[in-house]
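# Coordinate analysis (summary)
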Amino acid sequence: MTLGIDVACRAEHQATFAVNGRPVWRGRKFFTRPAELERLWADLDLDDPAELTVVLEPTRNAWIVLAQWFRRRGARVVMVPTTQSADLRAYFSKHTKNDRLDSEVLARLPLLHPEGLREFTGNGSADPLRRLTKQRSTMVKRRTAVYSRIDAQLELLGPGWYAVLGSDYGKAALAFLARYADPHAVLRLGQARLARFLQARSRGQYGPEPARALVAAAKETLLLWGPDGMDFAELAADIAAEAEQAIFLNGQIKEIEERIANLYAEADPEGIIASAPGVGPVTSAVIAGRVGDPHRFTSLAAIRAYSGLVPKTSQSGTRDPNLGLTKAGDPLLREALFMAADHARLVDPQLAAKYVRLMSGDRHRDSAVCHLAANLLTRIAACWRTGQPYVIRDVDGREITEAEGKAIVKARYKIDQKKRVAAAGRRMKQRRIQAADRESQKSLSAPTSRPATTTVDTTQITVEVA
């Protein structure tokens, strides 16, 4: 017995109940409210709740509440990827698409495509570690965009400001920009008071030298723009707004990182993920939060497929083209694994040897690091499932320390810079050959993208008069 539910976010859900693939009733509408769910459960009239399989699509977060409710009743809850259900829906209903047909397709899926179902075992998006790691990533990218806008606005004031403040704005730099981004305000404040301001905001790290450099930068700005320069007060207001956003985001990111550290300690008390090389506190929390329970995957290959770090396949006879990565999994997980693998190859000799082997041909660096990322995820998942910490080994299998691994990688595995530049040149040449050039592919009858240069010789034209 299966219950297919087409989940809606704001509208009513629609359910279809089927026995052995044949619908008993269809199009039952209900909201996620206790009374309506109880009436739906009573209409099912089940002798054994374990015989019921509830099929859901992961529609935003609305499906999680339904999945937990039916699991508490003893039913088996499975999920189906939206792309697979869409393909089956197109097969069964070529000219019609509505919620009733969607629920009917979901109710038939256990018989039509049982291998495409994934049993619901965790909270998914309701897991706090999964949410917080994504929220931190979003805020970091937002802060990076704010820093880029501050950089662009400081360029209007001249290079002296950027030379003093840099691009990685700390607390003192942001506090200064939030109040004194106007060169006139800097000169009115004076070097002595500005030095005390920076020392107080930086806890003594900034001395009188940055204050002197900022005063000199303010004078230089006024000389660059002259007496009829721009409206510095308006520019300072724009910079202050961006700086205040950055200050707020820094506080939020710090608070989120503290919560992430506590949740990761609960999810991985032995620190198995953090024991891998190149995996720091944030990356280990991302892996733990985005992967979830490692035992929910049938194999290590399934975990690699979930990350999207596996190549696409489109075989036909002897034809087996290289189509790149599927990128079908969690993008935040791929991002974290890519950065971790790029650092791990500097510590783990086995990963370093594979990186050198991949880079010995014409392979791009990003492609080689993606291979290492998939390998690193497989090793972390194997350690995670067995409860054993990651052990760094030499290529002969001998266990070594992290310091020994760094020394071995530095001594043995080096990339020849000349070969790397030559390989990059060959890749660029190949891309230019394969690039679609409109001028080289034009036909005689096709219009050209350039202006016409042909002139007409009027002396050769004859007109026949009737």
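All values derive from a computational prediction rather than experimental measurement. (Residues numbered from 1 in each chain as written. Predicted model: local features only at pLDDT ≥ 70, side-chain atom pairs only at ≥ 80, totals over all residues. Heavy atoms only, no water.)

### Let's talk about the overall build of the protein
When you go through the protein residue by residue, the secondary structure sums to 18 helices and 6 strands. Out of the 466 residues in the protein, the part that is buried amounts to 38%. Long-range pairs, those at least 24 residues apart, make up 62% of the contacts in the protein between residues at least 6 apart in sequence. For the protein, the accessible surface area stands at approximately 27,200 Å², while carbon and sulfur atoms represent 51% of it. (Helix = DSSP H or I, 4+ residues; strand = E, 2+ residues; numbered from the N terminus. Buried < 20%, exposed > 50% of the residue type's maximum accessible area, 1.4 Å probe, protein only. Contact = heavy atoms within 4.5 Å. Areas by Shrake-Rupley, 256 points an atom, 1.4 Å probe, with all protein chains shown as cover.)

### So, the pairing of strand β5 (residues 76-79)
Where strand β4 (residues 53-56) lies against β5, 4 bridges are found, and the strand directions are parallel. Each bridged residue has a counterpart across the sheet, and for Leu56 the counterpart in β5 is Met79. Handedness of the crossover joining β4 and β5 through helix α2 (residues 62-72) is recorded here as right-handed. (Pairing = 2+ DSSP bridges. Right-handed = clockwise from strand over helix to strand, strands pointing away.)

### Some words on the side chain of Asp268
Secondary-structure assignment places Asp268 in the loop between α11 (232-267) and α12 (281-291). A polar contact is formed between the side chain of Asp268 and the side chain of Tyr264, at a distance of 2.7 Å. For Asp268, the side chain forms a polar contact with the main-chain nitrogen of Ile273, separated by 2.9 Å. Not counting residues within four places of it along the chain, the set of residues in contact with Asp268 comprises Ile273 and Ala274. (Polar contact = N/O pair within 3.5 Å; in protein donor to acceptor, adjacent residues only side chain to side chain.)

### Some points on helix α5 (residues 128-154)
Since there are 3.6 residues in each turn of an α-helix, residues three or four apart along the chain are aligned in direction. End to end, α5 covers 38 Å across 27 residues, agreeing with the expected 39 Å (1.5 Å per residue, within 8%). Structurally, the start of α5 carries an N-cap: the backbone nitrogen of Leu129 is 3.3 Å from a side-chain oxygen of Asp127. (Expected span 1.5 Å × (residues − 1).)

### Quick look at helix α9 (residues 191-202)
For α9, built from 12 residues, the straight-helix expectation of 16 Å at 1.5 Å per residue is met to within 8% by its first-to-last C-alpha distance of 16 Å. Buried residues of α9: Leu194, Ala195, Phe197, Leu198 and Ser202, and no others. Down the axis, α9 shows its buried residues gathered within 160 degrees of arc, on one side only. Summarising the geometry of α9, the exposed residues directed more than 90 degrees from the buried face are Arg196 and Ala200. Structurally, α9 contributes buried residues whose contacts are with α7 (171-179), α8 (183-189) and α10 (208-225). Arg203 sits one or two positions beyond α9 and adopts a positive phi of about 55 degrees. (Arc of directions from axis to C-beta.)

### Brief notes about the packing of helix α15 (residues 349-359) against helix α16 (residues 365-386)
Direction vectors running N to C along α15 and α16 enclose 150 degrees, while the axes themselves pass 9 Å from each other. Classified by the interaxial angle, the pair formed by α15 and α16 is roughly antiparallel. Crossing handedness for the pair α15 and α16: right-handed. Where α15 abuts α16, its residues Gln350, Leu351, Lys354, Tyr355, Leu358 and Met359 lie against Arg365, Ala368, Val369, His371, Leu372, Asn375, Leu376 and Arg379. Each residue belonging to the contact of α15 with α16 can be placed in one class, and the counts come to 8 nonpolar, 3 polar and 3 charged. (Axes fitted to C-alpha atoms, helices over the stretch in contact; angles between N-to-C directions. Parallel < 35°, antiparallel > 145°, perpendicular 65-115°, else oblique. Left-handed = near helix turned anticlockwise from the far one by under 90°. Nonpolar A, V, L, I, M, F, W, Y, C, P; charged D, E, K, R; others polar.)

### A look at the confidence of the model for the protein
Model confidence for the protein is summarised by a mean pLDDT of 84, while 83% of its residues fall at 70 or above. Ranking the elements of the protein by mean pLDDT puts helix α3 (residues 82-92) last, at 63, and α11 first, at 95. (pLDDT = per-residue confidence, 0-100.)

### Examining the nonpolar core
Leu154, Tyr169, Phe176, Leu177, Leu194 and Ile287 are the most contacted members of the largest nonpolar core, which has 82 residues in total. Those residues within four positions of Leu194 in sequence are excluded, and the remaining contacts are Phe176, Val186, Leu189, Ala211, Leu214 and Val215. With 23 residues, the next largest nonpolar core counts Leu52, Ile64, Ala67 and Met79 among its residues. (Core = buried A, V, L, I, M, F, W, Y, C linked by side-chain atoms within 4.5 Å.)

### Quick word on the packing of aromatic side chains
Two aromatic rings are characterised by how far apart their centres lie and by the angle between their planes. Evaluated as defined, the whole model comprises 10 aromatic pairs. Plain terms: the ring middles of Tyr180 and Phe197 are 5.3 Å apart, the flat faces sit at 85 degrees to each other, and that makes the pair edge-to-face. Pair noted here: Tyr180 is in the loop between α7 and α8 and Phe197 is in helix α9, with a separation of 17 residues, a long-range link. A relative accessible area of 14% means that Tyr180 is categorised as buried. Put simply, the rings of Trp161, Phe176, Tyr180 and Phe197 touch in pairs and so form one group of aromatic residues. (Phe/Tyr/Trp six-rings, centres within 6.5 Å; stacked < 30°, edge-to-face > 60°.)

### Quick notes on unusual backbone geometry
Here the phi dihedral of Asp45 falls at roughly 55 degrees; this positive angle occurs in a residue that is not glycine. Mapped onto the elements, Asp45 comes out in the loop between α1 (34-44) and β4. A relative accessible area of 63% means that Asp45 is categorised as exposed.

### Regarding the pattern of salt bridges
Scanning all chains against the criterion turns up 16 salt bridges. For Asp43, the salt bridge identified is with Arg28, shortest N-O distance 2.3 Å. Here Asp43, found in helix α1, pairs with Arg28, found in strand β3 (residues 22-30); they are 15 residues apart in sequence, far enough to count as distant. A relative accessible area of 43% places Asp43 in the partly exposed class. A salt bridge links Arg130 to Asp330; the shortest N-O distance between them is 3.7 Å. You can see Arg130 sitting in helix α5 and its partner Asp330 sitting in the loop between α13 (300-307) and α14 (331-344), a full 200 residues away along the chain. Neither Arg130 nor Asp330 differs from the other in exposure class; each is buried. (Salt bridge = Lys/Arg side-chain N within 4 Å of Asp/Glu carboxyl O.)

### So, a negative patch on the surface
The grouping of Asp45, Asp47, Asp48 and Glu51 at the surface amounts to a negative patch. Relative to the helices and strands, Glu51 is located in the loop between α1 and β4. (Patch = residues over 30% accessible without salt bridge, like charges linked within 9 Å, V, L, I, M, F, W, Y side chains within 5 Å. Lys, Arg positive; Asp, Glu negative; His and termini not counted. Charge placed at Lys NZ, Arg CZ, Asp CG, Glu CD.)

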